[in-house]
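Architecture and fold: a report
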Amino acid sequence: MEDSSFERKNIQSFPKSSIFWILFEIFNFCQGSAMFLTGAAQVVFMVGYPVSQVQLPALFNARFEQAGADLALVPLDTAPSALEALLSMVHTTSNCLGLVLTAPHKQAAARMATTLTSRARRIGAVNVLRKTEQGLEGDMFDGDGFWNGARLNGFDPMGRSLALVGAGAAARAIALEFIHRGGRSIVFRTTDASERAGMLAMCAESSPWTPDQALDDVDIVVNATPIGMQHAPGLAVDAHDLKQLRADVWVADLVTQPMETPLLRAAADLGMRTLNGASTALGQLGSVASFLRIDIGTEAV
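Residues numbered from 1 in each chain as written. Predicted model: local features only at pLDDT ≥ 70, side-chain atom pairs only at ≥ 80, totals over all residues. Heavy atoms only, no water.

1. Considering the overall build of the protein
- Along the protein, the regular secondary structure elements total 13 helices and 11 strands.
- For the protein, restricting intrachain contacts to residue pairs at least 6 apart in sequence, the fraction spanning at least 24 positions comes to 70%. (Helix = DSSP H or I, 4+ residues; strand = E, 2+ residues; numbered from the N terminus. Contact = heavy atoms within 4.5 Å.)

Put into structure tokens, the structure is as follows:
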């Protein structure tokens, strides 16, 4: 039998913007998966750059396998330059239901979508695209995931105050969800003046709404930035600010690799309760499945 390493090296020499690389990633997933899929299987792609840190493929595929569904959520490590080609391929592929997206693709995918829900339009980003007769429709469930995941783990955001670190797609989604579902106030923590202005403008549309400016009275601090990931080490909230928080404050981090981030370790050392990134992933499982019209007994949370 011929050694396949030559073919692998040749394929890996293609740029990640090429369709050959995308097909190579799908091939790798299928070789490494224990799931049984037939030629009639349906797929959803999980797209990021990188994508190795995401939790949804494991959560979804466990449900699919348990239900005996001929369906898989396939991770694709997709460079930004390849996103448009991938969306074009999905649109013309009959057995692909859509895509789930993570950084850095959420804003770009929103611009490329055919239609957006009102929520996604206000946030300016999507984390799910589903196929329709017209093309690709996008929605954003990170806020839904945070709220539901927090409640599942013992923190009810209703009527509570939030300190939100970051102003990107996930942060905007959390802020909008917090406003619409009965959060009390938000302290915005971002060093980017334009991002802060955009966040405040979005929140102002939900008048009356006045964001707090201090950490004195917050009930939960949420890191919605990449700080704490392996490629972006550091504390999303500095040690001095953490020590100013009340002892009963919760600290959450959307980062999923590592699952226990420096921020969560520091908060736990101070006796605070913590939420890791898996809670937000689990909290949106039912909403994402419903949007993709996947019915495998996934409970909406």
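2. As for the sheet that holds strand β10 (residues 250–253)
- Here we have five strands laid out as an open sheet, ordered β8-β7-β9-β10-β11, and parallel in their pairing. Unpaired on one side and paired on the other, β8 (185–189) and β11 (273–275) mark the two borders of the sheet. Averaged over all neighbouring strand pairs, the angle between strand axes comes to 20 degrees, with direction disregarded.
- Across four bridges, the pairing between strand β9 (residues 220–223) and β10 is parallel. Counted as the bridge partner of N223 is D253 from β10. (Pairing = 2+ DSSP bridges. Axes fitted to C-alpha atoms, helices over the stretch in contact; angles between N-to-C directions.)

3. Topic: the pattern of salt bridges
- Counted according to the given criterion, the structure contains 14 salt bridges.
- Its salt-bridge partner being K106, residue D142 comes within 2.5 Å of it at the nearest N-O pair. Taken together, the positions of D142 in helix α7 (residues 142–152) and K106 in helix α5 (residues 106–112) put the pair 36 residues apart, joining distant regions of the chain.
- Residue D142 is classed as buried on the basis of its relative accessible area, which comes to 6%.
- Judged by relative accessible area, which is 10%, K106 ranks as buried.
- Among the charged side chains, a network of salt bridges with common partners joins R160, R184, D217, D219, R246 and D248. (Salt bridge = Lys/Arg side-chain N within 4 Å of Asp/Glu carboxyl O. Buried < 20%, exposed > 50% of the residue type's maximum accessible area, 1.4 Å probe, protein only.)

4. Section: the pairing of strand β5 (residues 128–131)
- Judged from the three bridges that link them, strand β3 (residues 96–101) and β5 form a sheet pairing that is antiparallel. Within β5, the position partnered with L99 by the bridge is L129.
- Relative to strand β6 (residues 136–139), β5 runs antiparallel, the two being bridged by four bridges. Each bridged residue has a counterpart across the sheet, and for L129 the counterpart in β6 is G138.

5. Some remarks on the packing of helix α8 (residues 169–180) against helix α9 (residues 193–204)
- At their nearest, the axes of α8 and α9 sit 10 Å apart, and the two run at 25 degrees to each other. When the interaxial angle is binned, α8 and α9 end up roughly parallel. Every pair of crossing elements has a handedness; the one defined by α8 and α9 is right-handed. Contacts between α8 and α9 involve A171, R172, A175, L176 and I179 on the former and, on the latter, G198, M199, M202 and C203.
- Residues belonging to the contact of α8 with α9 are distributed by class as follows: seven nonpolar, one polar and one charged. (Parallel < 35°, antiparallel > 145°, perpendicular 65-115°, else oblique. Left-handed = near helix turned anticlockwise from the far one by under 90°. Nonpolar A, V, L, I, M, F, W, Y, C, P; charged D, E, K, R; others polar.)

6. Quick notes on the packing of α7 against α8
- Packing of α7 against α8 brings their axes to within 7 Å, and their N-to-C directions diverge by 60 degrees. It follows that α7 is oblique to α8 by the angle criterion. Here α7 and α8 pass one another in a crossing that is right-handed. Between α7 and α8, the contacting residues are D142, G143, D144, F146 and W147 on the first element and A170, A173, I174, E177 and F178 on the second.
- Here the residues of the contact of α7 with α8 are counted per class, giving six nonpolar, one polar and three charged.

7. Section: the environment of F60
- Inspection of the secondary structure puts F60 in helix α3 (residues 56–67).
- Sequence separation between F60 and G286 is 226 residues, and the spatial gap between their C-alpha atoms is 9.8 Å.
- Residues in contact with F60, not counting those within four places in the same chain, are L73, L285, V288 and A289.

8. Considering helix α11 (residues 262–269)
- Among the residues of α11, L263, L264 and A267 are the ones counted as buried. On an axial view of α11, the arc spanned by its buried residues comes to 95 degrees, and they lie on one face.
- Close packing links the buried residues of α11 with β9, α10 (239–244), β10 and β11.
- Positive backbone phi, at 85 degrees, marks G271, one or two positions downstream of α11. (Arc of directions from axis to C-beta.)

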